[in-house]
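Chain by chain, the residues run as shown.
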Amino acid sequence: MDLDGAVTEAALVEIFTDLVKTYRRRAKLLAALAEASVYDPGVREEFHGLLTVGHVELAKHIRRAQDAGGARADIDPESTAAWLVWMVERGLYQQIRPAGPAQTRRHVAALAAIIWHALYAPDPR
C-alpha cells in the first residue's frame, strides 16, 4: 500500500512473499482470531477492526494510484479494497496455512497476478 509509481507483477510477488512470511509467524494466532470471531462479538469487533485498517489503507492507495494514472480508473477504491482485503484474509487462512513451500510459491504468484490484473494491468482493449 506504500507503493508509488508503476507497480509490476514481480513487485507484488515480492510483497506477497513477505506478507506470507509475516502471516506464517503468526498463523496460529490469526487463525484463532478468525475462528473466534464467528462466535465471540468482542473478538469479531477486534478482528474486523484490524481488517478495516487494511481496507481503508488499500482504498487510499488505490485512489493515489488512480490519480497518478497507475491504477485502473474504472474501479471503485472502497469496494475493491474491501473485496481484496477479505479475499486475502481468507486465502491466507485457507490456502497458505496448510501449504508446503512449492504450493505457497504458486499461491503467491496467483495472488500477485489477481491483484495486478484487478488494479494495475493496462486495459487490453
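Heads up: these notes are all about the structure in this document. Keep in mind it's a predicted model, so treat the numbers as computed, not measured. (Residues numbered from 1 in each chain as written. Predicted model: local features only at pLDDT ≥ 70, side-chain atom pairs only at ≥ 80, totals over all residues. Heavy atoms only, no water.)

### Notes on the overall build of the protein
Tallying secondary structure elements over the protein gives five helices and zero strands in all. Mapped from its N terminus to its C terminus, the protein presents α and β elements in the order α-α-α-α-α. For 125 residues, the compact-globule formula gives about 14 Å, and the C-alpha radius of gyration of the protein, at 15 Å, lands near that figure. Projected onto the principal axes, the alpha-carbon positions of the protein cover approximately 45 × 35 × 25 Å. Looking at the 125 residues of the protein, the share that counts as buried comes to 34%. Of all intrachain contacts in the protein linking residues separated by at least 6 positions in sequence, the fraction that spans at least 24 positions is 69%. Surface summary for the protein: the accessible area is close to 8,000 Å², and the carbon and sulfur share equals 60%. (Helix = DSSP H or I, 4+ residues; strand = E, 2+ residues; numbered from the N terminus. Rg over C-alpha atoms; globule rule 2.2 N^0.38 Å. Buried < 20%, exposed > 50% of the residue type's maximum accessible area, 1.4 Å probe, protein only. Contact = heavy atoms within 4.5 Å. Areas by Shrake-Rupley, 256 points an atom, 1.4 Å probe, with all protein chains shown as cover.)

### Some remarks on the packing of aromatic side chains
The geometry of an aromatic ring pair is captured by two quantities: the separation of the ring centres and the angle between the planes. Considering all chains together, one arrives at one aromatic pair under this definition. The ring of Tyr93 has Arg90 lying over it, and the distance from NZ or CZ to the ring centre is 4.4 Å. The aromatic ring of Tyr93 is capped on one face by Arg97, whose charged end is 4.0 Å from the ring centroid. (Phe/Tyr/Trp six-rings, centres within 6.5 Å; stacked < 30°, edge-to-face > 60°. Lys NZ or Arg CZ within 6 Å of the ring centre and 35° of its normal.)

### Quick notes on helix H5 (residues 101–120)
The end-to-end C-alpha distance of H5 is 27 Å, a good match for the 28 Å that 20 residues give at a rise of 1.5 Å each. Looking at the buried side of H5, the elements it contacts are helix H1 (9–25), helix H3 (41–67) and helix H4 (77–96). (Expected span 1.5 Å × (residues − 1).)

### Quick look at the packing of H1 against H5
Contact pair H1 / H5: the axes reach a minimum separation of 8 Å and the direction vectors enclose 130°. In terms of axis orientation, H1 runs oblique to H5. Every pair of crossing elements has a handedness; the one defined by H1 and H5 is right-handed. Counted together, Glu9, Leu12, Val13, Phe16, Thr17, Val20 and Arg24 of H1 and Thr104, Val108, Ala109, Leu111, Ala112, Ala113, Ile115, Trp116, His117 and Tyr120 of H5 form the full contact between these two elements. A class-by-class count of the residues in the contact of H1 with H5 yields twelve nonpolar, three polar and two charged. (Axes fitted to C-alpha atoms, helices over the stretch in contact; angles between N-to-C directions. Parallel < 35°, antiparallel > 145°, perpendicular 65-115°, else oblique. Left-handed = near helix turned anticlockwise from the far one by under 90°. Nonpolar A, V, L, I, M, F, W, Y, C, P; charged D, E, K, R; others polar.)

### Considerations on the environment of Val53
On the secondary structure map, Val53 appears in helix H3. Note: C-alpha distance between Val53 and Val85 (32 residues apart in sequence) is 9.7 Å.

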